[in-house]
Amino acid sequence: MNNKKAQMEIIGLVVIVILISLGMLFLVQFSLKEKPDEKAFTRKGLAFSTLSTLLKTTVDCSENGERRELELREVLGDCGANTFLSDPSSGETCSREPSCDYFARVAGDLLDRTLGVWGKRYEFQVQFPRTKEELFDPQITGEAGGCEDKERDSSGLFPQPTASVGIIESVLYVCE
Amino acid sequence: MPVSLLTMAPPTNLSFVPQKKAQIHMTETIAVLFIFFILILFGLIFYAQFQKSAFKEKAEELLQKRATETMLKVLFLPELACSERSLSEDNCFELAKVQAVVDRKLFEGGTGVPTEIDQEKRDYYFSIFSYATIKVQQLSVDAADENDESYVLYDHPLLKFTKSEPTFFIVALKEAPDTYHFASLDVTVYS
């Protein structure tokens, strides 16, 4: 009878210890649970405003003494038109540099000096929606790389008509 | 009834057993309670530590939220926003307005001898931005030019801050009539 009593008490103690351990486990599990990323909204807005501003930016494409200011959007449109020329070097230029090279250089530089410095990666893609052909190969990405296999936020598609090659669509992806 | 000392049986321990049993039982109960309270104490210590780190995390979260809110307020300020014929443009500041804000220290109550109106203006913008630093950096298209321009719109850091949270955004800086510059908006909040 006494042995049984002692055993019952020990069982009681064990139950208490198990209950407290379970309680602590739940607490730890709750604290380690991933919180939803509240920065996703800001990142998405950043992607949109970055691409919108980039395409609106005015650049000086003067050459041969002729003053010529264009928006980067127009330089991109010229780049699209150059793609289908049999001799791309005979196409549109900006400050004596082929439009595609000029755009890739300036866009990459501006994005590296902002998004790159802020520790963000990006991918800038331009394609012809009908053929899915990319205008830039390789894509314009940051010095730290693109957004492969990462959770990324999109600026949304920015379609623009061009004079000779139809519509081209730009999109900027930003990730951490 | 008289008892013979010779025939009286020696006292045995049987009369003390119930008391001993009770004492042992009491000791067991006290030991159990003691261990129980020790476990509760460990639980409380652990919970206190957890609450401490949770509180720190919450404070960081609130600071980030404040940084995002301040950024959004700046982006939609009519004192800076691009507007043409009462139509406003998103993610765009007018260069002339930015320069005016900087030259006249509009968000900091003006230059020169502070008047009551200046103090009101200072209080008004402080109620919007609190302790923060707001800068617009115009980037030149050609990095080699080194023609980047920086405009400090509001500079009110907390003197002994423990934490600061910078946030960044891209805005277009419009120079009349149709020239757009690529610019970054840096907002740092302090706590």
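Residues numbered from 1 in each chain as written. Chains lettered and ligands numbered in written order. Predicted model: local features only at pLDDT ≥ 70, side-chain atom pairs only at ≥ 80, totals over all residues. Heavy atoms only, no water.

Undergrad: Explanation requested: the interface of chain A and chain B in the structure shown.
TA: The figure often quoted for interface size is the accessible area lost as the parts come together. With 37 residues of chain A at the interface, the matching set in chain B holds 39 residues. With both sides pooled, the region where chain A packs onto chain B buries about 3,100 Å², and carbon together with sulfur makes up 69% of that total. Along the contact surface separating chain A from chain B lie 2 salt bridges. Its salt-bridge partner being Glu89(B), residue Lys56(A) comes within 2.9 Å of it at the nearest N-O pair. Across the contact surface, chain A and chain B share 5 residue pairs in polar contact (both at pLDDT 80 or more). Among the secondary structure elements, those contributing two or more residues to the side of chain A that touches chain B are α1 (2-32), α2 (40-56), β1 (58-60), β2 (69-71) and α4 (99-116) of chain A. (Contact = heavy atoms within 4.5 Å. Buried area = accessible area lost by both parts, 1.4 Å probe. Salt bridge = Lys/Arg side-chain N within 4 Å of Asp/Glu carboxyl O. Polar contact = N/O pair within 3.5 Å; in protein donor to acceptor, adjacent residues only side chain to side chain. Helix = DSSP H or I, 4+ residues; strand = E, 2+ residues; numbered from the N terminus.)

Undergrad: Please explain the packing of aromatic side chains as it appears in this structure.
TA: How two aromatic rings sit relative to each other is given by the distance of their centres and the angle of their planes. For the structure shown, the criterion picks out 12 aromatic pairs over all chains. Here the aromatic cluster, defined as three or more aromatic residues joined through ring pairs, consists of Phe107(B), Tyr124(B), Tyr125(B), Phe129(B) and Tyr154(B). Seen from the ring of Tyr173(A), Arg152(A) lies directly overhead, with NZ or CZ sitting 3.7 Å from the centre. (Phe/Tyr/Trp six-rings, centres within 6.5 Å; stacked < 30°, edge-to-face > 60°. Lys NZ or Arg CZ within 6 Å of the ring centre and 35° of its normal.)

Undergrad: Is there a simple way to think about the layout of surface pockets in this case?
TA: If you roll a probe as big as a water molecule over the atoms, it shows you where there is empty space left. One number sums up the size of the largest pocket: a volume of about 450 Å³. For the largest pocket, the lining is made up of 26 residues, of which Thr58(A), Ser140(B), Val141(B), Asp145(B) and His181(B) are closest to its centre. For the lining of the largest pocket, the secondary structure elements donating two or more residues are β1 and α4 of chain A together with α2 (95-104), β3 (132-139), β4 (149-156) and β6 (179-190) of chain B. Considering every element that reaches the lining of the largest pocket, the biggest residue donor is β6(B), with 4 residues. Across the lining of the largest pocket, the residue classes break down as 9 nonpolar, 9 polar and 8 charged. (1 Å grid on protein atoms, 1.4 Å probe; cavity = no way out; pocket = protein on both sides within 12 Å on 5 of 7 lines; lining within 4 Å. Points joined across faces, edges and corners; volume = space filled by probe spheres on them. Nonpolar A, V, L, I, M, F, W, Y, C, P; charged D, E, K, R; others polar.)

Undergrad: For this particular structure, what's the right way to read the sheet that holds strand β2 (residues 87-94) of chain B?
TA: Two modes of strand pairing occur in sheets, parallel and antiparallel, and in both the strands are linked by backbone hydrogen bonds. All names here are of chain B. Spatial strand order, β1-β2-β5-β6-β3-β4: 6 strands in an open sheet with mixed pairing. Where the open sheet ends on each side, the last strands, each with one partner, are β1 (81-84) and β4. Going across the sheet, the axis of each strand differs from the next one's by a mean of 30 degrees, ignoring polarity. Sheet analysis places β1 next to β2, joined by 4 bridges and oriented antiparallel. Within β2, the residue paired with Cys82 across the bridge is Glu89. Along the sheet face, α2 touches β1, β2, β3, β4 and β5 (164-175) and points at about 50 degrees away from the line of β4. Its contacts with the sheet put helix α3 (residues 116-129) on β3 and β4, and the angle it makes with β4 is roughly 95 degrees. (Pairing = 2+ DSSP bridges. Axes fitted to C-alpha atoms, helices over the stretch in contact; angles between N-to-C directions.)

Undergrad: Looking at this structure, I do not really get a nonpolar patch on the surface. What am I missing?
TA: Judged by side-chain polarity, Ile10(A), Val14(A), Ile18(A), Leu22(A), Leu25(A) and Phe26(A) come together as a nonpolar surface patch covering roughly 610 Å² of accessible area. By the element assignment, Phe26(A) lies in helix α1. (Patch = residues over 30% accessible without salt bridge, like charges linked within 9 Å, V, L, I, M, F, W, Y side chains within 5 Å. Areas by Shrake-Rupley, 256 points an atom, 1.4 Å probe, with all protein chains shown as cover.)

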